[in-house]
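Now for the letters of each chain:
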There are 2 protein chains.
Amino acid sequence: MAVRKRSSRDIRSESRLDVLHALLSAGESNRNELARTTGLSLATVATVVSELLAEGLVEEAGLSVSGVGRPTTTLRIHGARGLIAGIDVAETYVSAHVFDAALAEVGTADLALDEHETSAEYVVDAIVRALDAAVASTGLDRSRLLGVGVALPGLVQRSTGAISVVVPKWSWRAEDLIDLLRERVGLPLVVENPLKAIATAELWLGTGRGAASMVTINLGTGVGAGIVLEGQILRGATNSAGEWGHSLLVHEGRGCRCGRRGCVEAYVGAPGIQQTLREIAPDHPLADPDLPQRDVIGALATALRSPTPDPAVVETIARTSRYLGAAVADVVAIINPELVMLTGWTAWALGDDLLPGTEAEIRAQSPNGAATDLTVGISTVRGNSAAIGMATLAFERFLGDVGLVTTRATLAL
Amino acid sequence: MAVRKRSSRDIRSESRLDVLHALLSAGESNRNELARTTGLSLATVATVVSELLAEGLVEEAGLSVSGVGRPTTTLRIHGARGLIAGIDVAETYVSAHVFDAALAEVGTADLALDEHETSAEYVVDAIVRALDAAVASTGLDRSRLLGVGVALPGLVQRSTGAISVVVPKWSWRAEDLIDLLRERVGLPLVVENPLKAIATAELWLGTGRGAASMVTINLGTGVGAGIVLEGQILRGATNSAGEWGHSLLVHEGRGCRCGRRGCVEAYVGAPGIQQTLREIAPDHPLADPDLPQRDVIGALATALRSPTPDPAVVETIARTSRYLGAAVADVVAIINPELVMLTGWTAWALGDDLLPGTEAEIRAQSPNGAATDLTVGISTVRGNSAAIGMATLAFERFLGDVGLVTTRATLAL
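Criteria and cut-off values
Residues numbered from 1 in each chain as written. Chains lettered and ligands numbered in written order. Predicted model: local features only at pLDDT ≥ 70, side-chain atom pairs only at ≥ 80, totals over all residues. Heavy atoms only, no water. Helix = DSSP H or I, 4+ residues; strand = E, 2+ residues; numbered from the N terminus. Buried < 20%, exposed > 50% of the residue type's maximum accessible area, 1.4 Å probe, protein only. Contact = heavy atoms within 4.5 Å. Areas by Shrake-Rupley, 256 points an atom, 1.4 Å probe, with all protein chains shown as cover. Pairing = 2+ DSSP bridges. Axes fitted to C-alpha atoms, helices over the stretch in contact; angles between N-to-C directions. Parallel < 35°, antiparallel > 145°, perpendicular 65-115°, else oblique. Nonpolar A, V, L, I, M, F, W, Y, C, P; charged D, E, K, R; others polar. Salt bridge = Lys/Arg side-chain N within 4 Å of Asp/Glu carboxyl O. Core = buried A, V, L, I, M, F, W, Y, C linked by side-chain atoms within 4.5 Å. Polar contact = N/O pair within 3.5 Å; in protein donor to acceptor, adjacent residues only side chain to side chain. Expected span 1.5 Å × (residues − 1). Domains from an automatic or database assignment. Buried area = accessible area lost by both parts, 1.4 Å probe. Phe/Tyr/Trp six-rings, centres within 6.5 Å; stacked < 30°, edge-to-face > 60°. Disulfide = S-S within 2.5 Å.

*Asks:* Could you give me a rundown of the overall build of chain A, with the residues and numbers involved?
*Replies:* Along the backbone of chain A there are 12 helices and 15 strands. For chain A, the proportion of its 413 residues judged to be buried stands at 59%. Pairs at least 24 residues apart make up 62% of the contacts formed inside chain A by residues separated by at least 6 positions. Carbon together with sulfur atoms contributes 52% to the accessible area of chain A, which is approximately 15,300 Å² in total.

Here you go:
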């Protein structure tokens, strides 16, 4: 792969994205304010706004008068321009979310997947059913959909041109899934792995916008990182960047479900946190491996809120913070980002409990000075951030299709 | 720090760098060939070549006639345009190298540093003496120097504007060194840490040119990584990216000289390799901690070349390959590069012995598919690659000063 060349087309494209991002985060704005928040010249903002108005992506929301001078036109994203779907596919569920063009959620539908049914037909059928149900819940017609983004578990890769999806539990060939999906969805489609979708959501809607470098640390059953450098998701040579969950934390340590040993995920994934509890208190009621993961994590959070917190739970959180901090410190050593945002359902349930210890460990374990200017926080993007991120990627593809932006090669189908 | 904006100025700047890089690697070339190797249009190449001819950076080397048609003008870098110095400062030595403008080495001088003398005055004085001696060895006048690049050990950082140098053994304030250096050198100056200098050397003169993503793994007394993404060195928020040597390999493992435990460097730095030998064969003659590091590494290489290689040495190399492979696999998991190049004096001495085991371990320990398209090799850039890299950075600064390129903010003084 050759080094990507920049063109003046890229610069125009970036200006349009900057204006859209600024409008999304402001809700309503005007040309002067957009020039200030984006750092673009007023002339550029005026040109870009005209293009976005012409494409129906931005609308005029009225006039506002402030102090002396001419009244200014208030602008906002034209939500009714169309619908975008973001679908999060995991090994056990499909969660479809429909957004308007201003990325406000307008409908959703969830389906459970039978883990033992692993044919491509079964999975694609579930995706399509969830999508249709989510669209139906909006009361709007399916023809209003501008695009669909699907986050597939495991590694969605590009290697020598072909897209492949590697999901250890799913045995079918990736090409079959991709072909079937395209055929059954019948709309502009983007696939990506959830880590990159989650980082994209943070970039469009979270604290990430404006940071020159950010790492999102996704904590759930699996764990992984999304890396954003200068406003772009780091994809890597085969779209596998961010597989931090399967980097090494403990040499020859716990077995990981990926088949290797000592991976970060084996310690800070939800089952890993439960295993830490089991090591501390083997007979603890929450150590039962048959309990649903989310119930365990929720119960740990509840236990910590008690006036007399369970010492085994307190110790589990302390150890998990140290594991997580040491593992994040490796990313800090290698990438040296400005911002690390913890996200995912474990982070939302336990983030406030994990954050102080994790942050202290990151600072203690990072090489001298690498964490000096680092900000560590819990993401403010809630809901299904993989689905939200996929919707933003599908929206970017739509913007590309209508000629407004030159997106980096995403996995568009 | 805001997201960097691209401008058409950057694009012109990149074209000029591309042509210079292509000329450097070809030695001699012509406009048509340059258009082919850079992917730029013939018109752009013609414009860029005129600019470089006008600045005296490129010269016409003659006419060549091939087959039918007009003879073509052969072009090459105008080495006599001036001199560039690259200086590698370590805790125990200063090594100054002087290059012509075509980056061919024309003079060098080395000085030993007394590790116990750690005043800024002492270190700066040694840098200036080495520089002057290296220039004197060329027989050319110091006034021919276009710029000087100095690689300083430890972390050369930018944090909230100020440049600081963190060298654990050196107690003086960084500002004093920087001020003194600027005053005593009296020439356009660039400072950087050796990891980024080494990656820059690989990018200008090694296999890295043309790779969209590359990681250089420097193996010496200390170890670290240089990360290149889309032709740019990853600096990080505080210029600390690449401190992979102090990422975690073994949780609560060997003590590292940085004060933490289990760092990669404690296993694959030269003293770490010797410690592995000591663990295998405590009484081995090469396990003596008083032996000079380079002698130990050289003797290990010699022992492996014997018809009956010492089993303790063979086992040391096997374990070191596994440590190194596991540690590089973490970078592969996070960055997913196209190319990993091993470099530094340990890699040059033991690289061929370490490579097969290291590469196998990288592939075994990387997440599914992250290493699919990965190339692992030993750098072909020899000599003092930190000094070579600093000379290229000083050359880039010179190109910036004469208005030919817009360099990324380097640590220019």
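*Asks:* Explain the sheet that holds strand β14 (residues 339-343) of chain A residue by residue, including any values.
*Replies:* Across a sheet, strands are paired by hydrogen bonds formed along the backbone, either parallel or antiparallel in direction. Residues and elements named next belong to chain A. Ordered by their spatial adjacency, five strands build an open sheet running β13-β12-β11-β14-β15, and the pairing between neighbours is mixed. Of all strands in the sheet, those with a lone pairing partner are β13 (232-233) and β15 (375-378), marking the two edges. For β14 and β15, the ladder comprises four bridges, and the chain directions are parallel. Looking at β15, one finds that M341 is bridged to G377. Taken strand by strand, helix α10 (residues 311-335) contacts β11 (213-219), β12 (223-229) and β14, and its axis lies near 155° from that of β11.

*Asks:* Would you mind going over the packing of helix α6 (residues 194-205) of chain A against helix α12 (residues 385-401) of chain A in detail, with residue names and values included?
*Replies:* Residues and elements named next belong to chain A. Put simply, α6 and α12 touch, their axes get as near as 7 Å, and they point 75° apart. Considering the angle they form, α6 stands roughly perpendicular to α12. Residues P194, A197, I198, T200, A201, W204 and L205 of α6 form the contact with α12, whose own contacting residues are S385, A386, I388, G389, M390, T392, L393, F395, E396 and L399. Taken together, the residues of the contact of α6 with α12 sort by class into 12 nonpolar, four polar and one charged.

*Asks:* How would you sum up the pattern of salt bridges? Please name residues and give values.
*Replies:* Scanning the entire structure with this criterion turns up 30 salt bridges over all chains. One salt bridge in this structure joins R254 of chain B and E279 of chain B, with 3.2 Å as the shortest N-O distance. Remark: E279 of chain B occurs in helix α8 (residues 270-280) and R254 of chain B occurs in the loop between β13 (232-233) and α7 (265-268); sequence separation between them is 25 residues. Owing to a relative accessible area of 45%, E279 of chain B belongs among the partly exposed residues under this scheme. What emerges from the salt-bridge pattern is a single network uniting E28, E59 and R76 of chain A.

*Asks:* Any chance you could break down the nonpolar core for me, citing the residues and the numbers?
*Replies:* If you look at the biggest cluster of nonpolar residues, it comprises 94 residues, and the most contacted ones within it are I217, W244 and I335 of chain A together with I217, W244 and I335 of chain B. Here this core gets 12 residues from one element, more than from any other, and that element is α10 of chain A.

*Asks:* Before we move on, can you summarise the environment of H284 of chain A with the specific residues and values?
*Replies:* Residue and element names in this part refer to chain A. Tracing the backbone shows H284 in the loop between α8 (270-280) and α9 (293-305). Setting aside its immediate chain neighbours within four residues, H284 contacts L277, D310, A312 and V313. Among the polar contacts made by the side chain of H284, one reaches the side chain of D310 at a distance of 2.5 Å.

*Asks:* Any details on the sheet that holds strand β1 (residues 28-29) of chain B? Residues and values, ideally.
*Replies:* All names here are of chain B. The strand order across the open sheet formed by three strands is β1-β3-β2, and the pairing between neighbours is antiparallel. Every other strand in the sheet has two partners, leaving β1 and β2 (58-64) as the edge strands with one partner each. Of the pairings in the sheet, the one linking β2 to strand β3 (residues 72-77) comprises six bridges and is antiparallel in character. Within β3, the residue paired with E60 across the bridge is L75. Here helix α2 (residues 31-38) sits on the sheet in contact with β1, β2 and β3, set at roughly 60° to β3.

*Asks:* Run through helix α10 (residues 311-335) of chain B, naming residues and quoting values.
*Replies:* Helical geometry: 3.6 residues make up each α-helical turn, so side chains three or four residues apart lie on a common side. All names here are of chain B. Helix length check: α10, at 25 residues, gives a terminal C-alpha distance of 36 Å against a target of 36 Å (1.5 Å per residue), a fit within 8%. Of all the 25 residues making up α10, 19 are buried; the element is thus mostly covered by neighbouring parts of the structure. The opening residue of α10, the one whose side-chain oxygen lies 2.9 Å from the backbone nitrogen of A312, is D310. Residue N336 follows α10 closely and has a positive phi angle near 55°.

*Asks:* How would you sum up the domain arrangement of chain A? Please name residues and give values.
*Replies:* Residues and elements named next belong to chain A. As assigned here, chain A comprises domain 1 (8-77), domain 2 (81-197 + 385-401) and domain 3 (209-378). Taken over both partners, the interface formed by domain 1 and domain 2 buries close to 640 Å², and the fraction arising from carbon and sulfur atoms is 76%. Looking at the side of domain 1 facing domain 2, the largest losses of area belong to L24, L57 and I77, adding up to 55% of the total buried there. Summed over the shared surface of domain 1 and domain 2, the result is one salt bridge. Here E55 ties to R81 by a salt bridge, and the two come within 3.4 Å at their closest N and O atoms. The tally of links between domain 1 and domain 2 comes to one residue pair in polar contact (both at pLDDT 80 or more). Tallying contributions element by element places helix α1 (residues 8-26) first for the side of domain 1 that touches domain 2, with three residues.

*Asks:* Hey, could you go over the environment of I227 of chain B for me, with residue numbers and the actual values?
*Replies:* Residues and elements named next belong to chain B. Here I227 is to be found in strand β12 (residues 223-229). The buried category is assigned to I227, whose relative accessible area is 2%. Once the C-alpha coordinates of I227 and E117 are considered, the two residues, 110 residues apart in sequence, prove to be 33 Å apart.

*Asks:* Explain the side chain of H97 of chain A to me, using residue names and the numbers behind them.
*Replies:* All names here are of chain A. With respect to the element layout, H97 can be found in strand β5 (residues 93-100). Relative accessible area serves as the criterion here: at 8%, H97 is assigned to the buried category. Those residues in contact with H97, other than ones at most four positions away along the chain, are I84, A85, G86, E105, G107, T108, N384 and A387.

*Asks:* Which residues make up the packing of aromatic side chains, and what values go with them?
*Replies:* Residues and elements named next belong to chain A. Under the criterion given, the structure shown has six aromatic pairs over all chains. Aromatic side chains F395 and F398 sit 6.4 Å apart centroid to centroid with 15° between the ring planes, which places their arrangement in the stacked category. Of the two residues, F395 and F398 are both situated in helix α12; the distance of three residues between them amounts to about one turn of the helix. Judged by its relative accessible area of 1%, F395 is buried. Classification of F398 as buried rests on a relative accessible area of 9%. One aromatic cluster is present, built from ring pairs that chain together W204, F395 and F398.

*Asks:* Let's hear about the pairing of strand β4 (residues 83-89) of chain A: which residues, and what values?
*Replies:* Residues and elements named next belong to chain A. Most of β4 sits inside the fold, with seven of its seven residues counted as buried. Here β4 shows no split at all, with L83, A85, I87 and V89 on one side and I84, G86 and D88 on the other all buried. In this sheet, β5 lies alongside β4 in antiparallel orientation, the contact comprising seven bridges. The residue of β5 that forms the bridge with L83 is D100. Once β4 ends, the chain turns through three residues before running back antiparallel as β5. As paired elements, β4 and strand β7 (residues 145-151) share six bridges and run parallel to each other. When the bridges of β7 are listed, G86 appears paired with G149.

*Asks:* An account of α12 of chain A is requested, with residue identities and associated values reported.
*Replies:* All names here are of chain A. Here α12 is 17 residues long and its end C-alpha atoms lie 24 Å apart, about the 24 Å a rise of 1.5 Å per residue gives. For α12, the tally of buried residues reaches 15 of 17 residues, placing the bulk of the element in the interior. Backbone nitrogen of A386 and a side-chain oxygen of the N-cap are separated by 3.2 Å at the start of α12; the cap is N384. Positive phi appears at G403, one or two residues downstream of α12, with a value of about 85°.

*Asks:* So what's going on with the pairing of strand β6 (residues 105-112) of chain B? Which residues, and what values?
*Replies:* Alignment of strand β5 (residues 93-100) of chain B against β6 of chain B, held across seven bridges, turns out to be antiparallel. Bridge pairing in β6 of chain B places A96 of chain B opposite A109 of chain B.

*Asks:* Provide a residue-level description of the state of the cysteines, including the pertinent values.
*Replies:* Here the structure, examined in full by the defined rule, presents zero disulfides over all chains. Left unpaired, C258 of chain B is separated from the closest cysteine sulfur, that of C263 of chain B, by 3.7 Å.

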